[in-house]
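What follows is each chain in one-letter form.
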Amino acid sequence: MILSKMKSYEKIEQYDTELTESLAENYKTIIENLGEDVNREGLEKTPERVAKAMQYLTHGYELNPLEILKSALFTEDHQQMIVVKDIEVYSMCEHHMLPFFGKAHVAYIPNGKIVGLSKIPRIVDAFARRMQVQERLTDQIKNCIQEALNPLGVAVVIEAQHMCMQMRGIQKQNSVTTTSSFTGAFEKDKTRKEFISLVSNKLS
Ligand SMILES: [Zn+2]
């Protein structure tokens, strides 16, 4: 019966109770210091909600991206460029604790090993769900793939919008920051250009 099948699916989110309480207590103080009344209806449960949201947004610390890749390696002769583009990125700038988000494009040229394709977005997420800067995020993804697969080359490009730029300070509302990082074969002009043309016609 369909109904009972639907019931068998349950999304479970687990939070450390002690940590959640401690974070919530701190957020309560922050909200008060910002001049709000933490006891008004709309804010009553906000400290706890923020405490849980922040734990979710930093859960990448509990993941081991290298292990994620190593768990799905396959021996394969294929030596052409493999590209995974338009991977959604949601991260948090470590300078302002505000989100930055956009797209990552990742490529590698295998050297005897390939990795299950779904693992690439997973490691992007594992590194993104931390306090980050876009430059380091780009390098960490590249280095992780290089270490796990020892391929002929790795390329990572991230295009992101930073709320710390858009909502405050200089308010460059439509600016997109692009970072890139390459190893091996992608350090050659021809290969890098091929990758760039595959992932976007906006990039140059
Ligand atoms: Zn920032």
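Rules used throughout
- Residues numbered from 1 in each chain as written.
- Predicted model: local features only at pLDDT ≥ 70, side-chain atom pairs only at ≥ 80, totals over all residues.
- Heavy atoms only, no water.
- UniProt positions renumbered as here; feature names shortened; annotations may be inferred.
- Helix = DSSP H or I, 4+ residues; strand = E, 2+ residues; numbered from the N terminus.
- Contact = heavy atoms within 4.5 Å.
- Donors = N, O, S within 2.8 Å, 3.2 Å for Na, K, Ca; no water.
- Core = buried A, V, L, I, M, F, W, Y, C linked by side-chain atoms within 4.5 Å.
- Buried < 20%, exposed > 50% of the residue type's maximum accessible area, 1.4 Å probe, protein only.
- 1 Å grid on protein atoms, 1.4 Å probe; cavity = no way out; pocket = protein on both sides within 12 Å on 5 of 7 lines; lining within 4 Å.
- Points joined across faces, edges and corners; volume = space filled by probe spheres on them.
- Nonpolar A, V, L, I, M, F, W, Y, C, P; charged D, E, K, R; others polar.

1. A closer look at the UniProt feature "binding site: Zn(2+)" (unreviewed entry) in the protein chain
- Feature annotation in UniProt assigns "binding site: Zn(2+)" (unreviewed entry) to the following positions: Cys93, His96 and Cys164. With the annotated positions falling across 72 residues, the maximum pairwise C-alpha distance of 7.8 Å places them together in a single cluster.
- Assignment of secondary structure puts cysteine 93 in strand E2 (residues 82-93).
- Aside from chain neighbours lying at most four places away, what touches cysteine 93 is Leu98, Phe100, Gln132 and Cys164.
- Positionally, histidine 96 belongs in the loop between E2 and strand E3 (99-109).
- With residues up to four places along the chain from it excluded, the contact list for histidine 96 reads Cys164 and Arg168.

2. What about the coordination of the zinc ion?
- Around the zinc ion, the protein contributes the donor atoms Cys93 (SG), His96 (ND1) and Cys164 (SG), which lie 2.1 to 2.3 Å from the metal centre.
- Along the chain, the residues that donate to the zinc ion are spaced as C-x2-H-x67-C.

3. Points about the nonpolar core
- Counting residues in each nonpolar core, the largest one holds 32 residues, and the members touching the most others are Val106, Tyr108, Ile120, Leu137, Ile141 and Ile145.
- Mapped by element, the contributors of at least two residues to this core are helix H4 (65-70), E2, E3, strand E4 (113-115), helix H5 (119-128), helix H6 (134-149) and strand E6 (153-162).
- For isoleucine 145, the residues in contact, after removing those within four places along its chain, are Leu69, Val106, Tyr108, Ile120, Ile123, Asn150, Pro151 and Val154.

4. Re the layout of surface pockets
- For the largest pocket, the calculated volume is near 330 Å³.
- Every residue lining the largest pocket is counted, 14 residues in all, and those nearest its centre are Gln14, Tyr15, Gln55, His59 and Glu62.
- Those elements giving two or more residues to the lining of the largest pocket turn out to be helix H2 (17-33) and helix H3 (46-57).
- With three residues, the single largest contributor to the lining of the largest pocket is H3.
- Its residues placed into classes, the lining of the largest pocket shows seven nonpolar, four polar and three charged.

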